[in-house]
Amino acid sequence: MYAVDTAQTRGRKILLFDDLFRSGTTMNAITDVLLDAGKAEVVRALTITKTRSNQ
């Protein structure tokens, strides 16, 4: 579970940065917390690389 300090995020535009994108589960969960509990105005995500699949 993730927690957020609403005083730091309310009404803000936030860039969520992660060095590796796999399934997106963690990034989606943190985005939800920032938007819902944190009352952020906008959350954008940026990743540097993604895992390769052998499918």
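All residue numbers refer to positions counted from 1 along the written sequence of the respective chain. Two thresholds apply to this predicted model, a pLDDT of at least 70 for residue-level local features and 80 or more for giving and counting side-chain atom pairs, whereas whole-chain, interface and lining totals are computed over all residues. The basis for the side-chain values is all heavy atoms of the structure; hydrogens and waters are excluded.

(A) Expanded view of the overall build of the chain. Helix and strand content of the chain: two helices and two strands. Every helix listed is a DSSP run of H or I at least four residues long, and every strand listed is a run of E at least two residues long, numbered separately from the N terminus. Ordered by position from N to C terminus, the α and β elements of the chain give α-β-α-β. Note that the radius of gyration is over C-alpha atoms, with the globule rule given as 2.2 Å times the number of residues to the power 0.38. Over its C-alpha trace the chain gives a radius of gyration of 13 Å, far above what one expects of a compact globule, namely 10 Å for 55 residues. Its C-alpha atoms give the chain principal-axis dimensions of about 45 × 20 × 15 Å. Throughout this description, buried means an accessible area under 20% of the type-specific maximum (1.4 Å probe, protein chains only), exposed means over 50%, and partly exposed covers the range between. Of all 55 residues assigned to the chain, the portion counted as buried reaches 20%. Contacts: residue pairs with any heavy atoms within 4.5 Å of one another. Taking as baseline every contact in the chain between residues at least 6 positions apart, the subset at least 24 positions apart corresponds to 78%. Note on areas: Shrake-Rupley, 1.4 Å probe, and residue coverage restricted to the protein chains presented here. Carbon and sulfur atoms form 48% of the exposed surface of the chain, whose accessible area is close to 4600 Å².

(B) Quick look at the pairing of strand β1 (residues 13-21). The pairing criterion is simple: DSSP has to find at least two bridges between the two strands. Note that β1 and strand β2 (residues 42-50) share eight bridges and pair parallel. From the neighbouring strand, Asp18 faces β2, where its bridge partner is Thr47.

(C) Molecular detail of a nonpolar patch on the surface. In this scheme, patches are assembled from residues that exceed 30% relative accessible area and form no salt bridge. Like charges are connected within 9 Å, while nonpolar side chains (Val, Leu, Ile, Met, Phe, Trp, Tyr) are connected within 5 Å. Within this document, salt bridges are pairs made up of a side-chain nitrogen of Lys or Arg and a carboxyl oxygen of Asp or Glu, the two lying within 4 Å of each other. A cluster of nonpolar side chains, namely Leu15, Phe17, Leu46 and Ile48, defines an oily patch on the protein surface of about 430 Å² accessible area. At the level of secondary structure, the elements contributing two or more residues to the nonpolar patch comprise β1 and β2. As for its placement among the helices and strands, Leu46 is situated in strand β2. Relative accessible area serves as the criterion here: at 38%, Leu46 is assigned to the partly exposed category.

(D) Representation of the nonpolar core. Buried Ala, Val, Leu, Ile, Met, Phe, Trp, Tyr and Cys residues form a nonpolar core when they are joined through side-chain atoms within 4.5 Å. Among the nonpolar cores identified, the biggest contains six residues, and these are Ile14, Leu16, Met27, Leu34, Ala40 and Val43. Those elements that provide at least two residues to this core are β1 and α2 (25-36). Discounting residues that sit within four places of it in the chain, Leu16 has contacts with Met27, Ile30, Thr31, Val43, Arg44, Ala45 and Leu46.

(E) Spotlight on the side chain of Thr9. Counting through the fold element by element, Thr9 comes out in helix α1 (residues 6-9). Residue class for Thr9 comes out buried when judged on its relative accessible area of 8%.

(F) Here's a closer look at the environment of Asp18. The residue Asp18 is located in strand β1 in this model. Apart from the residues within four sequence positions on either side, Asp18 is in contact with Met27, Leu46, Thr47 and Ile48.

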